[in-house]
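Breakdown of the fold
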Amino acid sequence: MSEPLKDKAPQGEKAPKAQKLVGVKGMNDILAPESARWEWLEAQVRGLMARYAYRNVRLPIVEPTALFVRGLGEVTDIVEKEMYSFEDRLNGEQLTLRPEGTAGLVRAVVEHNWLYEGGKRVYYMGPMFRHERPQRGRYRQFHQVGAEVLGFGGPEVDAELILLAHDLWKQLGLHDVRLELNSLGQPAERQAHRVALIAHLEKHIDVLDEEAKRRLHSNPLRILDTKNPAMQSVVESAPRLLDFLGEASMAHFAAVKAMLDANGVAYSINPRLVRGMDYYNLTVFEFITTRLGSQGTICGGGRYDYLIEQVGGKPAPAVGWALGVERVLELLKEQGEAGQAVDPDVYAIIPETAALPVAMRVLQELRALGVSAQMHAGSGEGMGSMKSQFKKADSSGARYALVFGAEELAQDQVAVKSLRDGAGAQRSESLQTVATWAHTLQSTL
Ligand code: ATP
Ligand code: MG
């Protein structure tokens, strides 16, 4: 807080202007009309999730830090450098703004013994927080939609989740999204691969960067995910995890692919796709576009059959994905998607303040019938000229203006003027019937 200025500013002199506050870097305000695109996307998601019988869950934004350290893995980008963590000022508990949604969901599932009566299909939407370098498609507060299936181990739910995401792109009208698929196998297979991988990387220790060296023994698989061009050839010649998979893992992978094939979903196998969190096993996948530069992954996910147990629950398999809302919207914009109109149906022009009580009552009747009505609001010193009111009405995007002039009101009427077809003629409508008129008209608005 700034110092009170009262004492310092002499009487009659203007106090210095308060310093302007700005938001936190990498955390965005989403204002109208931009927010209409978000609401539209959210509505599309809700509709689609309902058709797949996925239920909504709403979880806390703050979780114990230990949940992410244990769940995501200590040697991950997120836990090592991206978390917003702080101490509870009363009890000293270590807390973190959620960087992703899966760990919190699993915590809730375990806490409420929620899989007791069987598996669950759920989705969530909301803000996530990561301390990254802000750039296009990469923010410190960003938003995810996540879909997760808990308690089912079969490849059919992996495929169902991929179909769901694929359907969403179709429904949103997104093009240029490709699907990459891999299998990380099971822990024992990863262990055998890990030994071979470390041996390979040790042979090329001189080309490894500092981060890779640090991860060589703690998380060598993540080194395959490097974006460092100097390390590409050593990474490309590394032993492939896919070659270490046993029969059961291969069968699971083959089944997922067969179901995608049967549904006409194209994909490519990327043996180096490992994903950022430690908790994945078997199927992992990403939906990627080339149209957003290096922030091209719009959605990623996979199976995490051991996470529930790791968080202290009774072992149960699970699989899920999360998409980045900002990246999806950015890609839509890139494709020239027009955006969503949220204009009111009618704009109420109110020449004199005396007409306000009646006008407001009529507008309430319109709204009760589902008509979107915007009321002209004055400056506090009257309603403003007719000219300025009509200007506002035009720019509101409404199709009709209702003019609550004194003359019309004296005859229990209101003037109706079309705002779309040029100099539309003005006519009158009775105050008793104007709401039903607007309502029946609404289907053509
Ligand atoms: P990246 O490799 O781009 O850092 P990630 O692997 O860290 O992505 P996930 O943890 O898999 O991302 O999160 C799922 C999705 O959330 C990503 O595919 C992306 O669309 C989105 N996402 C992740 N981090 C950010 C961020 N900082 N800003 C905006 N969107 C993000
Ligand atoms: Mg990341």
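What this report covers is the structure whose coordinates are included nearby. (Residues numbered from 1 in each chain as written. Chains lettered and ligands numbered in written order. Predicted model: local features only at pLDDT ≥ 70, side-chain atom pairs only at ≥ 80, totals over all residues. Heavy atoms only, no water.)

**A short note on the site of ligand 1**
Inspection of the region around ligand 1 gives 16 residues, with Arg130, Glu132, Arg138, Arg275 and Thr297 positioned closest. Contact distances for ligand 1 include 2.8 Å between an oxygen atom and a side-chain N or O atom of Arg130. One of the side-chain nitrogen or oxygen atoms of Arg138 is found 2.8 Å away from an oxygen atom of ligand 1. Calculation on ligand 1 without its partners gives an accessible area of 590 Å², and the protein chains cover 91% of this total. The dominant element in the shell around ligand 1, judged by the number of residues it contributes, is strand S10 (residues 297–303), at 3 residues. (Near = heavy atom within 4 Å. Polar contact = N/O pair within 3.5 Å; in protein donor to acceptor, adjacent residues only side chain to side chain. Areas by Shrake-Rupley, 256 points an atom, 1.4 Å probe, with all protein chains shown as cover. Helix = DSSP H or I, 4+ residues; strand = E, 2+ residues; numbered from the N terminus.)

**Describing the pattern of salt bridges**
In the structure shown here, the tally under the stated rule is 29 salt bridges. Glu34 serves as the salt-bridge partner of Arg37, at 3.1 Å between the closest nitrogen and oxygen. Highlighted residues: Arg37 and Glu34, both in helix H1 (residues 34–51), separated by 3 residues, approximately one helical turn. Measuring nitrogen to oxygen at the nearest pair gives 2.8 Å for the salt bridge that ties Arg107 to Glu111. Taken together, the residues Arg107 and Glu111, both in helix H4 (residues 102–111) and 4 residues apart, mark about one turn of the helix. Relative accessible area serves as the criterion here: at 17%, Arg107 is assigned to the buried category. (Salt bridge = Lys/Arg side-chain N within 4 Å of Asp/Glu carboxyl O. Buried < 20%, exposed > 50% of the residue type's maximum accessible area, 1.4 Å probe, protein only.)

**Some points on the sheet that holds strand S12 (residues 346–349)**
Judged by pairing direction, the sheet is mixed, and its 5 strands sit side by side in the order S13-S12-S14-S15-S16 without closing on themselves. The sheet is open, and its two borders are formed by strand S13 (373–375) and strand S16 (426–430), each paired with just one other strand. Strand-to-strand twist in this sheet, taken as the mean axis angle between neighbours without regard to direction, amounts to 30°. Pairing between S12 and S13: 3 bridges, direction parallel. Note that in S13 the partner of Ala348 across the bridge is Met375. Its contacts with the sheet put helix H13 (residues 356–368) on S12, S13 and strand S14 (400–403), and the angle it makes with S13 is roughly 160°. (Pairing = 2+ DSSP bridges. Axes fitted to C-alpha atoms, helices over the stretch in contact; angles between N-to-C directions. Contact = heavy atoms within 4.5 Å.)

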